[in-house]
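Structural overview
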Amino acid sequence: MHAPREEPRARLAARVKRVALTVLLLLAALASAQEKHNFLAVNGALVDDAGPYYFIAQGDNRNAFAKAAPLAKAMDLSLHYDPDGKRLRFSDGSADAVFEATGDIQHGLVKRDGVLSVGGRALASPMAILVDGTAYVPISPLVDAFDGRSEWNAERHIITVDTADRLGYALAPPRIGLTDGVSRVALDLPAGAEYQLAVSGDAFIVTLPGARAAASDQTVDDPNLRGVALRALDGEVNLVVRTRYGLDGEGHGYDVGVLDKGDGRTLYVDFATSLKGDPVAALLSNDPAAPQALSAAPARPQVVVIDAGHGGKDPGTTSSYAVEDQVVLSVALKLKKRLEAQGVRVVLTRDHDTFLTLQQRSGFATPERNLFVSIHANSAPARDASGIETWVFGKPLDPSLVDRAIRENGGGAEGQALTEAARRTADDIAGDILRETQMNFSMSLADSVQQSLVRATGARDRGVRQNLFYVIRTARIPAILVEVGFVSNPEEGRMLATDHYQDTLAQALAGGILDFLHGGGMLAQR
Ligand SMILES: [Zn+2]
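Okay, so let's go over this structure. Everything numeric here is computed off the predicted structure, so don't read it as measured data.

**What to know about the sheet that holds strand S28 (residues 388-393)**
Spatially, the six strands line up as an open sheet ordered S26-S25-S27-S30-S28-S29, and their pairing is mixed. Both edges of this open sheet fall to strand S26 (345-348) and strand S29 (461-467), since each of them pairs with a single strand only. Sheet twist, expressed as the mean angle between neighbouring strand axes with direction ignored, is 25°. Two strands pair when backbone bridges link them, and S28 and strand S30 (residues 479-486) are joined in this way by three bridges, in the antiparallel orientation.

**Some words on the pairing of strand S8 (residues 113-118)**
Judged by which residues are buried, S8 turns out to be one-sided: Gly114, Leu116 and Val118 face inward and are buried, whereas Asp113, Val115 and Ser117, on the alternate face, are not. Here strand S7 (residues 96-105) pairs with S8 via three bridges, running antiparallel. Residue pairing across strands places Val98 opposite Ser117, the latter belonging to S8. Pairing between S8 and strand S9 (residues 121-126): six bridges, direction antiparallel. The residue bridging Val118 from the neighbouring strand is Arg121, located in S9. Hairpin connection from S8 to S9: two residues lie between these consecutive antiparallel strands, with Gly119 at a positive phi of about 50°.

**Concerning the nonpolar core**
Membership of the largest hydrophobic core comes to 42 residues, with the highest contact counts inside it found for Ile306, Leu335, Leu339, Ile375 and Ile513. Those elements that place two or more of their residues in this core are strand S25 (303-308), helix H5 (324-341), S26, strand S27 (371-378), S28, helix H9 (433-457), S30 and helix H11 (499-518). A per-element tally of this core places H11 first, with ten residues. Non-local contacts of Ile513, meaning those with residues more than four positions away in its chain, are made with Val304, Leu335, Leu339, Leu371, Val373, Leu445 and Val449. Counting residues in each nonpolar core, the second largest holds 30 residues, with Ala64, Leu71, Ala145 and Ile159 among its members.

Criteria and cut-off values
Residues numbered from 1 in each chain as written. Predicted model: local features only at pLDDT ≥ 70, side-chain atom pairs only at ≥ 80, totals over all residues. Heavy atoms only, no water. Pairing = 2+ DSSP bridges. Helix = DSSP H or I, 4+ residues; strand = E, 2+ residues; numbered from the N terminus. Axes fitted to C-alpha atoms, helices over the stretch in contact; angles between N-to-C directions. Buried < 20%, exposed > 50% of the residue type's maximum accessible area, 1.4 Å probe, protein only. Core = buried A, V, L, I, M, F, W, Y, C linked by side-chain atoms within 4.5 Å. Contact = heavy atoms within 4.5 Å.

That's the geometry; what it means functionally is another story.
Below is the structure:
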């Protein structure tokens, strides 16, 4: 028997429906398979429990969904669900964005086209999706509705969301000119705009907090300059001028000036090997008449993030002498007191026995803070292993050390996945001059802290090394991970459990951190 040449319409419709259902199930499976590998950050902080979850093409923001409640919270929006009208309403207090929502679906995300109404305007948008009582919302239409910006970073597998109040002022492209062999790069800044200056190798870097600009990278035909690039980061823009000669922090080869204009000012940097300007460190005062390095009394209070490792359901490494999460929390609390006594502001990732993910911890390392210190304790099968070591982020020179990273990254399959993510970050950083400069600062902080700890305790000096520790991977500020001793060593383990030794450690940590903050750590130049 042959099938009839034409199927009845009803049967055809049923087949189309079946195929469509299969496709949807596949997409749902894909979405759930991908969710573990993608990240969402709002205003620079990872939103751990919100997705993103994708349909079809990765990187198409209109097809990326996040859980509505955590995303609204991160964007500082109120959220209201109207079950009768099947509407999801977000509000910032003055403006509303109302999504059509699907009925509750038992499982799997099912994308449907719908309407988003913003201030009375109706815009085409995927519908919000209700799955088993949880609402999911398309990310980019929501962000657009509140004048924010969302971007997909394919290399890092992350959607970044910046809300309008964070985006800051629009920076005009730099102007570049050549007069009498001197090359000038000029930036027009609004009144009150801050900037920081740094040199690294052949690059002169102007950091502009609160600015936004499209990323650009131009090579220039110029006797002194090779290229001028704008990098857009979370809440700031970096202007990177690559010269044809080496720069140093002493002012050789450049000269910085400021011209006042009616409604703002022009910051310019002249470049020529014959020039000798004021020294440039990591930071200059906004008052051009009084250049002031960070080593002189800083105007803003320094902010240090202290991360006591582990906690809650994760005790870290344990022995009959000491338990890691208790030791490091105690040291962190003591360190906080000591730093605050010196006028340093301290932010703790945890101040009691609670569990935080590594993403939540690293989310504390935001650019407006000065540095990030994660405190851990060690263990080893060999009971005589002892001593203190400080780690910066990077690929370990000795591959066997990766096992250590996996353990501190949570161990097991999760630890391996996070270590793999950290390895990708390390690959991304290679060749990125800003990140490499950042690495130098981290190294300088690590040296300072390690020396101070070894001096104060007399413990074995296991040195400063680099490894793929996830918690310090994305920091835009100097970030280190300190292993303050071995709980597995009978002598050191017992000491780690004592109030007295914890106090010694806290005092030495504070000393190393303050040396770095005041003694020119931020001024580290190559
Ligand atoms: Zn640990």
